[in-house]
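Descriptive structure summary
Given next are the chains, with one letter for each unit.
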Amino acid sequence: MKHVLVREIVQLCERNKDGSFSTQAARKDILIQAGKQLLEIGRFRNMGVTGLKPKHVQFLVNQWQKVDRLSDATIKNRIAHLRWWADKINKQNVIPKTNAELGVSRRKYVTNQNKAIRISDEILKNIKDERLRCSIELQRAFGLRREEALKFQPSYALAGGYPGIVRLKASWCKGGRAREIPILNDYQKAVLARAAMLAGAGSMIPAGQRYVERLKQYENTTNFLGLSRLHGLRHAYAQDRYKELTSWECPARGGPTNKQLDPEQKEADRSARLTISNELGHNRENITAVYLGR
C-alpha cells in the first residue's frame with residue numbers, strides 16, 4: 001500500500017504532463033524515489049505533497065551527496081524535478097534560486113574525455129527488427145537522441161519544401177524544441193530513404209505499438225548486444241561535424257585546445273560549436289565542451 005505522500009506525488013505527475021515522455025517518466029521516478037527517501041527516516045511520515053519545505057529539500061540534497069554519493073550533474077537534475085514539484089504546489093520559494101545555496105557545485109562541462117562510440121554495420125546486422133535498426137542508424141547519421149530517433153516520422157521530417165534539411169517536430173525533442181539538421185552526405189540520404197520506406201506515412205514506431213513499449217524493446221535489444229551507451233553516437237556526430245566545419249580534430253579527439261588556437265581559429269571554433277549546438281538541440285555553445293572538449 002502506497003503512503004499518502006507517494007500516492008500524491010504519482011497523482012501530481014499524472015495531472016501535469018509537462019515535457020516529453022522521457023522527461024515525464026524520469027520526473028515521476030525521481031520524485032517517487034525522493035518521497036520514499038523522506039519517509040524512510042520517519043521524521044516526515046505525516047507529510048503530504050503540499051507539505052514540501054526547505055528542510056525536506058536540504059535533507060534530500062544531503063542524502064544524495066553524502067549517502068548516495070551522486071555526481072553534481074545528477075543532483076542538479078534531481079533538484080530540477082524538485083523545483084517542478086514546488087512550482088506545481090505554488091511554493092517556489094522553498095527551494096533557493098541557485099543550486100550553490102544548497103551546496104551543489106556548478107556543473108563542469110569540460111572534461112576532454114572522448115565519450116564517442118562507433119557502431120559497425122556488422123553489429124547492426126544483428127538487430128533483426130528493421131525499424132529498430134534504422135532508428136539507431138538515424139542516431140548515428142544525425143546525432144539524434146533516442147526518443148527523437150524512435151518517434152522520427154520521415155513524411156514530416158522531409159516535407160515542407162526544405163531540400164537538404166531534416167525537420168524534427170517539437171514533440172519528439174527534449175524540452176519541446178523543434179530544430180533542423182542539414183543533410184550533408186550520401187549515407188544520411190540512404191538512411192532517410194530506408195526510414196521512409198519502412199515508416200510510410202507513420203513513424204519509426206510500428207502501428208499499434210506505444211512509445212513506452214517501443215522504448216522497452218529498444219533497451220532490451222541494445223542491452224543484449226552490449227550497446228547500452230548509444231548516447232555516444234551523438235558525441236561521434238558532434239566530433240565529425242566539428243572536423244568538417246573547422247578542418248581539424250576537436251580537443252576530445254586529440255586536437256588543439258582553445259589556448260592553442262590563434263584568433264582566426266578561435267573564431268572558426270566558436271562558429272562550429274554554435275552550429276553543432278543548434279544541430280544537437282541544445283542552443284548553448286558551452287555545452288559543446290561535453291562532446292568536443294575545450
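Structure: above.
This structure is a prediction, so every number in the text was calculated from the model and none was measured. (Residues numbered from 1 in each chain as written. Predicted model: local features only at pLDDT ≥ 70, side-chain atom pairs only at ≥ 80, totals over all residues. Heavy atoms only, no water.)

1. As for helix α4 (residues 72–88)
Heads up, the rule is: In this description a helix means any DSSP run of H or I spanning at least four residues, a strand means any run of E spanning at least two, and both kinds are numbered starting from the N terminus. By this rule the span expected of a helix is its residue count minus one, scaled by 1.5 Å. Here's how the labels work: a residue is buried when its accessible area is under 20% of the maximum for its type, exposed when over 50%, partly exposed in between, all with a 1.4 Å probe on protein chains only. The contact definition used throughout considers only heavy atoms, calling two residues in contact when any of these lie within 4.5 Å.
Here α4 spans 24 Å end to end across 17 residues, near enough to the 24 Å set by a 1.5 Å rise per residue. Within α4, burial applies to I75, R78, I79, H81, L82, W84, W85 and A86. Where α4 is buried, its residues contact α1 (4–15), α2 (21–40) and α3 (54–67). Of the residues trailing α4, N90 is marked for its positive phi of about 60 degrees.

2. Points about the packing of α2 against α3
The line we're drawing: With axes taken as lines fitted to C-alpha atoms, and helix axes fitted only over the stretch in contact, angles between N-to-C directions fall between 0 and 180 degrees. Orientation labels follow simple angle bins: below 35 degrees gives roughly parallel, above 145 gives roughly antiparallel, 65 to 115 gives roughly perpendicular, and whatever is left gives oblique. Three classes are used, and their members are as follows: Ala, Val, Leu, Ile, Met, Phe, Trp, Tyr, Cys and Pro are nonpolar, Asp, Glu, Lys and Arg are charged, and the others, Gly among them, are polar.
Viewed as axis vectors pointing N to C, α2 and α3 meet at an angle of 95 degrees, and their least axial separation amounts to 10 Å. Between α2 and α3, the angle falls in the class roughly perpendicular. Mapping the contact onto sequence places A34, Q37 and L38 in α2 and H56, F59, L60, Q63 and W64 in α3. Here the contact of α2 with α3 is composed, by residue class, of five nonpolar, three polar and no charged.

3. A few points about the nonpolar core
We count it as follows: Think of a nonpolar core as a cluster: buried Ala, Val, Leu, Ile, Met, Phe, Trp, Tyr and Cys residues, connected wherever their side-chain atoms sit within 4.5 Å.
Among the nonpolar cores identified, the biggest contains 33 residues, and L138, F142, L144, F152, V166 and L168 are the most heavily contacted of them. Looking at this core, the elements that each hand over two or more residues are α6 (130–142), β1 (165–168), α9 (186–199), α11 (232–246), α12 (263–280) and α13 (288–292). Dropping the residues within four chain positions of it, V166 is found in contact with F142, F152, A157, L158, R179, E180, I181, I183 and L192. Of all hydrophobic cores here, the second largest spans 31 residues; its members include I9, L31, I32 and L60.

4. Here we look at the pattern of salt bridges
For clarity, the threshold we go by: Salt bridges are counted wherever a side-chain nitrogen of Lys or Arg sits within 4 Å of a carboxyl oxygen of Asp or Glu.
On inspection of all chains with the given rule, the structure shows 20 salt bridges. Taking the shortest distance from any N to any O, the salt bridge between E249 and R253 comes out at 3.3 Å. The partly exposed category is assigned to R253, whose relative accessible area is 26%. By sharing partners, the salt bridges in this structure join R118, D240, K243, E249 and R253 into a single network.

5. Considerations on the packing of aromatic side chains
Counted only if it meets this: Pairing of aromatic rings covers Phe, Tyr and Trp, the last through its six-membered ring, and needs centres within 6.5 Å; plane angles under 30 degrees mean stacked, over 60 mean edge-to-face, and all others mean tilted.
By the definition in use, this model includes four aromatic pairs. Ring geometry for F44 versus F59: centroids 5.9 Å apart, planes at 75 degrees, classification edge-to-face. Placement of F44 in the loop between α2 and α3 and of F59 in helix α3 is noted, with a sequence separation of 15 residues between them. Taking the centre distance of 5.7 Å and the plane angle of 75 degrees together, the rings of Y156 and W172 count as edge-to-face. Here the residue Y156 occupies a position in helix α8 (residues 154–157), and W172 occupies one in the loop between β1 and β2 (179–182), the gap between them amounting to 16 residues.

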